[in-house]
Amino acid sequence: MALNNTYEARLVQQETAVGAGVQILLLALLGTAIGMGPAGWLTGLAFAMATWAVLSRALHRTRPRSFGPANRVTLGRAILVGGVTALVADSFESSPPVTLLVGLTAVALILDGVDGKVARRTGTSTALGARFDMEVDAFLILVLSVYVSTQLGPWVLLIGGMRYAFVAAAKAAPWLNAPLPHSMARKTVAAMQGICLLLAGADLLPHLANLGVVLLALGSLVWSFGRDVLWLWHNARTTVPMLEVPTVAASMETSETSVEVEGIEMLELALR
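Residues numbered from 1 in each chain as written. Predicted model: local features only at pLDDT ≥ 70, side-chain atom pairs only at ≥ 80, totals over all residues. Heavy atoms only, no water.

Chemist: Can you break down a nonpolar patch on the surface residue by residue, with the values?
Modeler: On the surface, Ile24, Leu45 and Met49 cluster together to form a nonpolar patch covering roughly 220 Å² of accessible area. Structurally, Ile24 is set in helix α1 (residues 2-34). (Patch = residues over 30% accessible without salt bridge, like charges linked within 9 Å, V, L, I, M, F, W, Y side chains within 5 Å. Areas by Shrake-Rupley, 256 points an atom, 1.4 Å probe, with all protein chains shown as cover. Salt bridge = Lys/Arg side-chain N within 4 Å of Asp/Glu carboxyl O. Helix = DSSP H or I, 4+ residues; strand = E, 2+ residues; numbered from the N terminus.)

Okay, here's the thing in structure tokens:
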């Protein structure tokens with residue numbers, strides 16, 4: 001059994017290594033097609049190595065039986081995001097190939113709706129897969145925000161940075177880590193971000209139209225995060241007093257008979 005587990009673990013790790021290799025191959029193709037400069041190469045390689053290292057560590061800690069078809073789709077999306085990241089970094093040195101950038105981004109966004117369906121249909125949904133999918137989404141939005149900010153201004157970075165700011169805030173306020181109820185509105189707003197940034201980045205519309213599209217994306221994102229934060233804050237305030245009720249009730253009953261006092265003390269011990 002131990003040998004079988006070791007063999008499966010090696011297969012899982014091999015898939016992440018193959019993903020890193022395909023990422024480097026994509027960078028080579030992009031470099032040949034557009035003559036990508038040092039900034040694009042270094043950023044793309046850094047993304048490939050970071051993705052491989054983080055994903056390999058997560059797989060080693062969770063020890064899944066197999067990598068799974070849904071994770072393969074997400075890994076494919078991550079490879080495309082690596083290509084987009086390299087192109088955006090290269091755009092600071094030379095004029096970016098907008099058609100190629102838009103094409104890679106569009107495919108990555110389309111595949112975002114595929115990996116979840118594959119996971120559900122094959123019964124391979126996992127917490128790691130969901131987190132992997134979410135991190136790829138978040139990083140793509142961050143990279144697109146950087147690209148669009150060169151056209152519309154640094155305020156666009158708020159779109160890409162909001163999710164990371166929320167994660168940082170949760171370190172200081174643990175109540176932000178509580179699970180949220182399902183919300184179709186939240187999913188819709190999240191999907192809007194990539195579409196709106198892609199539309200603005202393609203630069204097919206007049207400047208004012210692009211500005212309006214990105215402002216709409218930012219406004220909807222602020223609303224969505226604000227609603228979730230308010231729900232988490234209210235949930236934290238209503239949960240804590242409920243846990244304190246037995247202690248308060250016990251202190252109020254100290255003047256009753258000894259039998260009642262003993263019963264309350266036993267209840268307190270049970271709740272502890």
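Chemist: Before we move on, can you summarise unusual backbone geometry with the specific residues and values?
Modeler: The phi torsion at Arg63 lies on the positive side, around 50°, for a residue other than glycine. Phi angles above zero are rare outside glycine, and Asp203 is one such case at about 55°. Structurally, the position occupied by Asp203 is in the loop between α7 (184-202) and α8 (207-252).

Chemist: Tell me about helix α3 (residues 69-90), residues and numbers included.
Modeler: End to end, α3 covers 32 Å across 22 residues, agreeing with the expected 32 Å (1.5 Å per residue, within 8%). Among the 22 residues that make up α3, 19 are buried, leaving the element largely enclosed by the rest of the structure. (Expected span 1.5 Å × (residues − 1). Buried < 20%, exposed > 50% of the residue type's maximum accessible area, 1.4 Å probe, protein only.)

Chemist: Provide a residue-level description of the nonpolar core, including the pertinent values.
Modeler: Formed by 43 residues in total, the largest nonpolar core has its most connected members in Val84, Val148, Val156, Ile159, Leu197 and Val214. The biggest single contributor to this core is helix α5 (residues 127-152), with 10 residues. (Core = buried A, V, L, I, M, F, W, Y, C linked by side-chain atoms within 4.5 Å.)

Chemist: Account for the environment of Ala89, naming residues and giving values.
Modeler: Along the polypeptide, Ala89 turns up in helix α3. Separated by 45 residues in the primary sequence, Ala89 and Gly44 have C-alpha atoms spaced 8.4 Å apart. If we skip the residues at most four places from it in the chain, Ala89 touches Ala39, Gly40 and Thr43. (Contact = heavy atoms within 4.5 Å.)

Chemist: Before we move on, could you go through the packing of aromatic side chains and cite the residues and values that matter?
Modeler: Tallying each qualifying case throughout the model produces two aromatic pairs. Pairing Phe47 with Phe139 gives two aromatic rings, centres 5.3 Å apart and planes at 35°, and the pair type is tilted. In this pair, Phe47 sits in helix α2 (residues 38-62) while Phe139 sits in helix α5, placing the two residues 92 residues apart along the sequence. Of the residues examined, Phe47 reaches a relative accessible area of 12% and is grouped as buried. Phe139 sits in the partly exposed class, given a relative accessible area of 28%. With 5.7 Å between their ring centres and 55° between their planes, Phe166 and Phe225 make a pair best called tilted. Within this pair, whereas Phe166 is found in helix α6 (residues 157-172), its partner Phe225 is found in helix α8, the two being separated by 59 residues in sequence. The class for Phe225 is partly exposed, based on a relative accessible area of 22%. (Phe/Tyr/Trp six-rings, centres within 6.5 Å; stacked < 30°, edge-to-face > 60°.)

Chemist: I'd like a description of the pattern of salt bridges, backed by residues and values.
Modeler: As enumerated under the stated definition, the model contains eight salt bridges in all. For Asp115, the salt bridge goes to Arg77, with nearest N and O atoms at 3.2 Å. Of this pair, Asp115 sits in helix α4 (residues 98-122) while Arg77 sits in helix α3; the two residues are 38 residues apart in sequence, bridging distant segments of the chain. Owing to a relative accessible area of 4%, Asp115 belongs among the buried residues under this scheme.

Chemist: Let's hear about a positive patch on the surface: which residues, and what values?
Modeler: Together, Lys117, Arg120, Arg121 and Lys187 make up a positively charged patch on the protein surface. Looking at the positive patch, the element that brings in the most residues is α4, giving three residues. Its location among the elements puts Lys117 in helix α4. The class for Lys117 is partly exposed, based on a relative accessible area of 46%. (Lys, Arg positive; Asp, Glu negative; His and termini not counted. Charge placed at Lys NZ, Arg CZ, Asp CG, Glu CD.)

Chemist: Go over the packing of α2 against α5 with me, naming the residues and quoting the values.
Modeler: At a closest axis distance of 11 Å, the pairing of α2 and α5 adopts a crossing angle of 160°. The angle between the axes of α2 and α5 places the two elements in the roughly antiparallel class. Of the two possible hands of crossing, α2 and α5 adopt the one that is right-handed. Contact residues: Phe47, Leu55, Ala58, Leu59 and Thr62 in α2; Leu128, Phe132 and Phe139 in α5. Here the contact of α2 with α5 is composed, by residue class, of seven nonpolar, one polar and no charged. (Axes fitted to C-alpha atoms, helices over the stretch in contact; angles between N-to-C directions. Parallel < 35°, antiparallel > 145°, perpendicular 65-115°, else oblique. Left-handed = near helix turned anticlockwise from the far one by under 90°. Nonpolar A, V, L, I, M, F, W, Y, C, P; charged D, E, K, R; others polar.)

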